[in-house]
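Examination of the molecular architecture
The residues making up each chain are set out below.
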Amino acid sequence: MTATTGAAQSAHPERPGRSDGVCSEFTVYTEIKPGHADALREDLTALTSGSAKEDSRAALRQIGTLHDARHVIFDNDTRFMFASVFDGSWDTYIDDFAHTVIGANFDKIFSHSEGFPGVADPGVKDWFVAHQAPAGAFVSSYPDLTVQQIWKDHRVDDAFQEVLDTAEFRAMLDNPANAELLATPAFQKLLEEASA
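If you're wondering where the values come from, they're calculated on a predicted model, not measured in any experiment.

Things to note about the sheet that holds strand β3 (residues 66-74)
One open sheet accounts for four strands, arranged β1-β2-β4-β3; its pairing is antiparallel. On the outer flanks of this sheet lie β1 (19-20) and β3, each paired with one strand and no other.

Right, here's the structure in full:
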């Protein structure tokens with residue numbers, strides 16, 4: 001095998017932001033258009049209430065990569081910060097949001113920021129990169145768990161807790177024929193974790 005000279009260029013430029021395991025952070029700082037802070041505040045309130053909140057949650061479930069997000073107005077109503085934690089590639093993260101109701105939400109929220117081209121604009125990724133500042137440090141409590149894995153773990157836990165609460169399971173625990181299985185360290189650990 002021979003080595004090739006010159007590495008292949010990435011299709012996308014280096015994206016700012018830090019990662020910890022499967023989780024990456026995304027933080028954008030913008031200048032709020034003069035006189036737009038109250039309208040931005042109203043749009044943020046609308047985004048997190050009623051059917052808009054439900055629509056956003058449904059889109060987030062569809063996308064399945066967003067751990068959390070924050071919107072902050074600061075510096076005497078002159079600046080805005082959006083920060084989030086997500087799984088996967090930066091480009092896919094932006095693309096996924098553009099194709100759901102989240103894209104319309106981004107358009108509405110960031111329309112109050114100086115120079116925002118719109119989420120469907122071909123230059124929107126460059127705009128985000130220009131306004132993104134990577135965290136000085138970024139640590140996740142669960143760096144090896146994607147949003148999808150966390151949701152699955154939650155579903156499995158719910159199902160297991162349901163089994164634990166049945167009379168049939170209690171009868172199985174009391175059955176002497178299962179004593180050997182119940183005494184195994186793995187089963188004991190399972191019961192300890194379930195009761196924690």
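Examining the nonpolar core
Counting residues in each nonpolar core, the largest one holds 25 residues, and the members touching the most others are F26, F80, Y93, F110 and F128. Those elements that provide at least two residues to this core are β2 (23-31), α1 (37-47), α2 (50-63), β4 (79-87), α3 (90-98), α4 (101-110) and α5 (124-131). Other than its neighbours up to four places away in sequence, F110 contacts V28, T30, F80, F82, F116, W127 and F128. If you look at the next biggest cluster of nonpolar residues, it comprises five residues, including L164, L182, F187 and A194.

Section: the packing of aromatic side chains
Aromatic ring pairs are described here by two measures, namely the spacing of the ring centres and the angle between the planes. Inspection of the entire model under this criterion finds 19 aromatic pairs. With centroids separated by 6.2 Å and ring planes inclined at 75°, the aromatic side chains of F82 and F110 adopt a geometry described as edge-to-face. Highlighted residues: F82 in strand β4 and F110 in helix α4, separated in sequence by 28 residues. Look at F82 and you get buried, because its relative accessible area is 2%. Chaining the aromatic ring pairs together yields one cluster made of F26, F80, F82, F86, W90, Y93, F97, F106, F110, F116, W127 and F128. In this structure, R61 is placed above the aromatic ring of W151, and the distance from its NZ or CZ to the ring centre is 4.1 Å.

Reading the values: the criteria
Residues numbered from 1 in each chain as written. Predicted model: local features only at pLDDT ≥ 70, side-chain atom pairs only at ≥ 80, totals over all residues. Heavy atoms only, no water. Pairing = 2+ DSSP bridges. Helix = DSSP H or I, 4+ residues; strand = E, 2+ residues; numbered from the N terminus. Core = buried A, V, L, I, M, F, W, Y, C linked by side-chain atoms within 4.5 Å. Buried < 20%, exposed > 50% of the residue type's maximum accessible area, 1.4 Å probe, protein only. Contact = heavy atoms within 4.5 Å. Phe/Tyr/Trp six-rings, centres within 6.5 Å; stacked < 30°, edge-to-face > 60°. Lys NZ or Arg CZ within 6 Å of the ring centre and 35° of its normal.

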